[in-house]
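A look at the structure
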Amino acid sequence: PTGVARQAFADRMASLAQGATLLAQRGSSGADLAELIRALQLPLNEQVRLDGPAVRVGPNAAQSLTLLFHELWTNACKHGALSGGDGHVLVS
């Protein structure tokens with residue numbers, strides 16, 4: 001694999017590890033979606049906001065959502081709303 005592919009794989013694994021760490025801290029109760037997003041260390045600022053009620057998901061869903069959020073974030077940064085200075089992302 002190329003250096004770019006290795007880095008992309010390493011980034012995915014790091015996101016999964018961050019999600020797993022949060023789940024290990026929370027036990028079998030799962031995690032809150034906002035906690036999960038914060039655990040992934042996605043910068044929340046004027047371009048990226050969280051809104052809405054607390055939503056708790058089980059451990060299996062949390063692991064899947066960890067990877068999903070990582071991929072959505074990467075795509076938004078490369079090709080979407082966060083690739084320019086005027087885009088916005090709202091997780092609601």
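To be clear, the structure that these remarks concern was listed above.
Summarised in this report is the structure supplied together with it. (Residues numbered from 1 in each chain as written. Predicted model: local features only at pLDDT ≥ 70, side-chain atom pairs only at ≥ 80, totals over all residues. Heavy atoms only, no water.)

Between two packed helices, what matters for the description is the angle formed by their axes and the separation of those axes. The interhelical angle for the contact between helix α1 (residues 3-26) and helix α3 (residues 59-78), taken along N-to-C directions, is 145°, at an axis separation of 9 Å. Relative to α3, α1 is oriented so that their crossing is right-handed. Side by side, α1 and α3 meet where D11, R12, S15, L16, G19, A20 and L23 of the first sit next to P59, A62, Q63, T66, L67, H70 and E71 of the second. (Axes fitted to C-alpha atoms, helices over the stretch in contact; angles between N-to-C directions. Helix = DSSP H or I, 4+ residues; strand = E, 2+ residues; numbered from the N terminus. Left-handed = near helix turned anticlockwise from the far one by under 90°. Contact = heavy atoms within 4.5 Å.)

Applying the stated rule across the entire model yields two salt bridges. With its nearest N and O atoms 2.4 Å apart, the salt bridge here joins E71 to R12. In this pair, E71 sits in helix α3 while R12 sits in helix α1, placing the two residues 59 residues apart along the sequence. According to the relative accessible area criterion, R12 is partly exposed, its value standing at 30%. Between E35 and R26 there is a salt bridge, with the nearest N and O atoms lying 2.5 Å from each other. On the basis of relative accessible area, R26 is assigned to the partly exposed category, the value being 33%. (Salt bridge = Lys/Arg side-chain N within 4 Å of Asp/Glu carboxyl O. Buried < 20%, exposed > 50% of the residue type's maximum accessible area, 1.4 Å probe, protein only.)

Functional significance is not addressed by these values, which are geometric in nature.
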